[in-house]
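Chain by chain, the residues run as shown.
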Amino acid sequence: MRWLWRWIARCILVFGTLAALLISPVIYTEIACTASPEFSRYSPIITDPDWQRAESRTLTTYPEWHIVHAYDDYARVLRDGDPHDFGFIRAITGFWTALCPLKERADAMGGMTGDSKMTIYTIGVSFTAELLAKAAYEETLGRFTAWMRGDARAPLDDVSAGQAAAYAEFLQQVPWYKWDFQRDALALRDTATDVPRDRERALALGIEYGVKAAYAEVIASAVEGIGADQLRLRSIVSGLSIEELSAVDGVSVIAEREEGVEIETDRYRAFTRILERLVGAGAELVEIAGNDEILFTAVSDNPTAAGALYSFPRQGYGDWRHLILSPVPELADRLRFLGELRLEHVHDY
């Protein structure tokens, strides 16, 4: 029995070490990435609790989008390359290093909400574990079967690349757990040929999709129990009449106020596209969800951008992403005169 207890102790040690490694970025972020609250004189226009949101949420929405961007980067790499060409560790470190300045600024705004902090740390640890497991496989058995295949891609290399691209696009507007992973697994089985690389891809990705499908059901049930996040957003804009605003696709006019017109729109990527249409039509932004500061991301060929909280390279694109915090009243002009920057996403609350 001694040998059994030794193996049990070793397993406990291994899993304990892995758990410590996974939560170490959380501990570091909590200890090292802090700032004192700053006094704000801003008086919000939108004060209805159903529509006013904590200002720090514009910052704490980014970590989820970092994961969305990572899947997009991964799809971009797969378009012409193989999974082992993707920098899994770089994607992981990008999540945690970007979170540090975001948390510091969120602390200055009054701190993260408890729900936001729990969500960020949970998805961060899950993202880290997922990519470490994927890296361990793709850098060993995955790389080996790609080497056996040679330079010519196998059919499932192209199928899986297409699935990755479709999934990355899906995540721009819809939660990940609503993706049909079982459909992708079935497509792999139906398309696979007898070449070793196809059999390996069908097995490895089939297992991955099966695990994600099971986890997605758990998350979907949890969300159903507590309720999904609000999918609409209200803002105050000026510079356009009610008739002009009503003509903008995606905009619902709520009321005319002294400071401007209150409108309601969709959130997420749709919100960015709506803002582009509003700004292009000549609108000025007064307030968004009761707040006067907002985060947006832009990309450029330059590794730095004026006023960026954080900048880092995108994989597969050869350019850089910049996280920029802007006063809401200045956002319209920032979007009109981006210069070398290309708008990627405006982070709502």
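All residue numbers refer to positions counted from 1 along the written sequence of the respective chain. The predicted nature of this model means local features are confined to residues of pLDDT at least 70 and side-chain atom pairs, given and counted, to a pLDDT of 80 or more, with totals for whole chains, interfaces and linings taken over all residues. Only hydrogens and water are set aside; all other atoms, that is, all heavy atoms of the structure, feed into the side-chain values.

Enquirer: So what about the overall build of the protein? Which residues, and what values?
Expert: Summing up its helical and strand segments, the protein has eleven helices and eight strands in all. Two things to know: the radius of gyration comes from C-alpha atoms, and the globule rule equals 2.2 Å times the number of residues to the power 0.38. Taking 2.2 N^0.38 as the reference for a compact globule, 349 residues should give roughly 20 Å; the C-alpha atoms of the protein span a radius of gyration of 23 Å, in line with that estimate. The C-alpha extent of the protein, read off along each of the three principal axes, is 75 × 45 × 45 Å. The rule is simple: take the accessible area with a 1.4 Å probe, protein chains only, and divide by the maximum for that residue type; under 20% is buried, over 50% is exposed, in between is partly exposed. The buried share of the protein, taken over its 349 residues, is 46%. Relative to all contacts within the protein whose residues are 6 or more apart in sequence, the contacts with residues 24 or more apart total 76%. Here the protein displays about 17,500 Å² of accessible surface, and carbon together with sulfur accounts for 59% of that area. Each helix is a run of H or I in the DSSP string that is no shorter than four residues. Each strand is a run of E no shorter than two, and both are numbered from the N terminus. Any two residues whose heavy atoms approach within 4.5 Å at even a single point are treated as in contact. What sets the accessible areas is the Shrake-Rupley method with a 1.4 Å probe; for residues, cover comes only from the shown protein chains.

Enquirer: I'd like a rundown of the state of the cysteines, residues and numbers included.
Expert: Only a pair of cysteine sulfur atoms within 2.5 Å counts as a disulfide in this structure description. The final tally for this structure, using the stated rule, is one disulfide. There is a disulfide in this structure between C33 and C100, and the S-S distance comes to 1.9 Å. Between C33 and C100 the sulfur-sulfur dihedral comes to about -100 degrees; the bridge is accordingly left-handed. One end of the pair, C33, is in the loop between α1 (2-32) and α2 (57-60); the other, C100, is in helix α4 (residues 88-108), with 67 residues separating them in the sequence. Neither residue differs from the other here; C33 and C100 are each classed as buried.

Enquirer: If you had to explain the sheet that holds strand β2 (residues 252-256) to someone new, which residues and values would you point to?
Expert: Being paired, for any two strands, means DSSP has found at least two bridges between them. The four strands lie next to each other as β2-β3-β1-β4, forming an open sheet whose pairing is antiparallel. Two strands close off the open sheet at either side, each with one partner strand: β2 and β4 (284-288). Ignoring which end each strand starts from, the neighbouring axes of this sheet average 35 degrees apart. Whenever a helix is involved, its axis is fitted only over the stretch in contact; in every case the axis is a line through C-alpha atoms, and angles between N-to-C directions fall within 0 to 180 degrees.

Enquirer: I'd like to hear about helix α7 (residues 181-191), residue by residue, with values.
Expert: Residues that lie three or four places apart on an α-helix share one face, since the helix turns once every 3.6 residues. All of the buried residues along α7 are F181, D184, A185 and L188. All buried residues of α7 lie within an arc of 100 degrees about the axis, which places them on one face of the element. To obtain the arc, one takes the directions from the helix axis to the C-beta atoms.

Enquirer: Describe the confidence of the model for the protein, naming the residues involved and giving the relevant values.
Expert: Think of pLDDT as the predictor's per-residue confidence, scored from 0 to 100. Per-residue confidence for the protein gives a mean pLDDT of 93; residues scoring 70 or more make up 95%. Mean pLDDT values over the elements of the protein span from 75, in α1, up to 98, in β4.

Enquirer: Could you give an account of the side chain of T58, with specific residues and numbers?
Expert: As for its position among the elements, T58 is in helix α2. A polar side-chain atom of T58 sits 2.9 Å from the main-chain amide nitrogen of L295. With sequence-adjacent residues up to four places away left out, T58 is seen in contact with E293, I294, L295, H347, D348 and Y349. In protein, a polar contact means a hydrogen-donor-capable atom and an acceptor-capable atom, both N or O and within 3.5 Å, with residues adjacent in sequence counting only if both atoms are side-chain atoms; elsewhere, any N or O pair within 3.5 Å suffices.

Enquirer: For the pattern of salt bridges, give the residues involved together with the corresponding values.
Expert: Salt bridges, as used here, are contacts in which a Lys or Arg side-chain nitrogen is within 4 Å of a carboxyl oxygen on Asp or Glu. One pass over the structure, following the stated rule, counts 31 salt bridges. For D82, the salt bridge goes to R149, with nearest N and O atoms at 2.9 Å. In this pair, D82 is assigned in the loop between α3 (62-80) and α4 and R149 in helix α5 (residues 114-149), connecting sequence segments 67 residues apart. The residues D82 and R149 share a single accessibility class, namely buried. For the salt bridge of R336 with E284, the shortest nitrogen-to-oxygen distance reads 3.1 Å. You can see R336 sitting in helix α11 (residues 328-336) and its partner E284 sitting in strand β4, a full 52 residues away along the chain. R336 gets classed as partly exposed once you look at its relative accessible area, which sits at 29%. The network of salt bridges with shared partners includes D82, E138, R149, D157, R197, E200 and R201.

Enquirer: Residues and numbers for the sheet that holds strand β6 (residues 308-313), please.
Expert: Whether parallel or antiparallel, the strands of a sheet pair through hydrogen bonds between backbone atoms. Pairing is antiparallel in the open sheet, where four strands are placed in the order β6-β7-β5-β8. Of all the strands in the sheet, just β6 and β8 (342-347) have a single pairing partner and so form its edges. Looking at each pair of strands side by side, their axes are set apart by 25 degrees on average, direction ignored. By the bridge criterion, five bridges tie β6 to strand β7 (residues 320-327) in an arrangement that is antiparallel. Pairing of F312 across the sheet is with R321, part of β7. Its contacts with the sheet put α4 on β5 (293-300), β6 and β7, and the angle it makes with β6 is roughly 170 degrees. The sheet strands contacting α11 are β5, β7 and β8, and the helix crosses β7 at an angle near 135 degrees.

Enquirer: Quick one: what's the story with unusual backbone geometry, residue by residue and with numbers?
Expert: Positioned with a positive phi, Y268 is a non-glycine residue whose angle comes to about 60 degrees. Positionally, Y268 belongs in helix α10 (residues 268-280). Of note in this structure, A289 is not a glycine but carries a positive phi near 55 degrees. With respect to the element layout, A289 can be found in the loop between β4 and β5.

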